[in-house]
Amino acid sequence: MSPAELLVETYGRVLENALAAADGLSPEQLAQRPVSARDDANPVGWLVWHLARVQDDHVAGVAGHEQVWTADGWARRFDLPLDDADIGYGHTTDEVGVVRADADLLGGYLRAVHARSVAYLSGLAPEDLDRVVDERWDPPVTLGVRLVSVGDDGTQHAGQAAYARGLLGL
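The sections below set out a description of the structure shown in this document. Here the structure is a predicted model, which means the values were calculated and not measured.

This part covers the pattern of salt bridges. Taken as a whole and judged by the stated rule, the model has five salt bridges. Linking Glu9 and Arg13 is a salt bridge whose minimum nitrogen-to-oxygen distance equals 2.9 Å. Placement of both Glu9 and Arg13 in helix α1 (residues 3-22) is noted, with a separation of four residues, approximately one turn of the helix. Exposure remark for Glu9: the relative accessible area of 36% places this residue in the partly exposed category. Note that Asp56 and Arg53 form a salt bridge whose closest N and O atoms lie 3.5 Å from each other. Here Arg53 and Asp56 lie together in helix α3 (residues 44-63), a separation of three residues that amounts to about one turn. By relative accessible area, Arg53 is classed as buried at 0%. Because the salt bridges share partners, they merge into one network encompassing Asp134, Arg136 and Arg146.

A few words now on the side chain of His91. Along the chain, His91 falls in the loop between α5 (74-78) and α6 (93-98). Overall, His91 belongs to the buried group, its relative accessible area being 15%. Side-chain polar atoms of His91 contact the side chain of Trp46, separated by 3.0 Å. In this structure the side chain of His91 is engaged in a polar contact, spanning 2.9 Å, whose partner is the side chain of Asp86. If near-sequence neighbours (up to four positions away) are discounted, His91 is found in contact with Trp46, Trp49, Leu82, Asp86, Val96 and Val99.

About the thresholds
- Residues numbered from 1 in each chain as written.
- Predicted model: local features only at pLDDT ≥ 70, side-chain atom pairs only at ≥ 80, totals over all residues.
- Heavy atoms only, no water.
- Salt bridge = Lys/Arg side-chain N within 4 Å of Asp/Glu carboxyl O.
- Helix = DSSP H or I, 4+ residues; strand = E, 2+ residues; numbered from the N terminus.
- Buried < 20%, exposed > 50% of the residue type's maximum accessible area, 1.4 Å probe, protein only.
- Polar contact = N/O pair within 3.5 Å; in protein donor to acceptor, adjacent residues only side chain to side chain.
- Contact = heavy atoms within 4.5 Å.

Written out as structure tokens, the structure is:
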């Protein structure tokens, strides 16, 4: 298995798990915060939206193309009261609460992001992964590290979404 194939497999699992977490839920269920010790836990819908936004933002950044969010009109379709560049990082509880969508819209966006990511990942050669993509860190971040980070972030949020779904008692 090549490094590109390994990344495609990883991102595919994020897609499958996130879609399974949101499948069949109503917009109200997707926005419902799980019962927890805190009243600001992230709901399934926000978690799936956020993991898709992070993947879209980060892969577009290293690939040098416009995000699916804006290029393909997803920002207009979601019609959220947020800046188009917003990916959910650092959201307040109120900002989390405004991210509302139905499962078909969420799934459509996530599938579109996944397709664009796979198209990029599939064309990578092993030596591409050593290219430095972010010098703001010490050590500088390589493409390989960034892509693994995106896959890891997506895996964690898909797991959180599945857990949050389970807390809904469905």
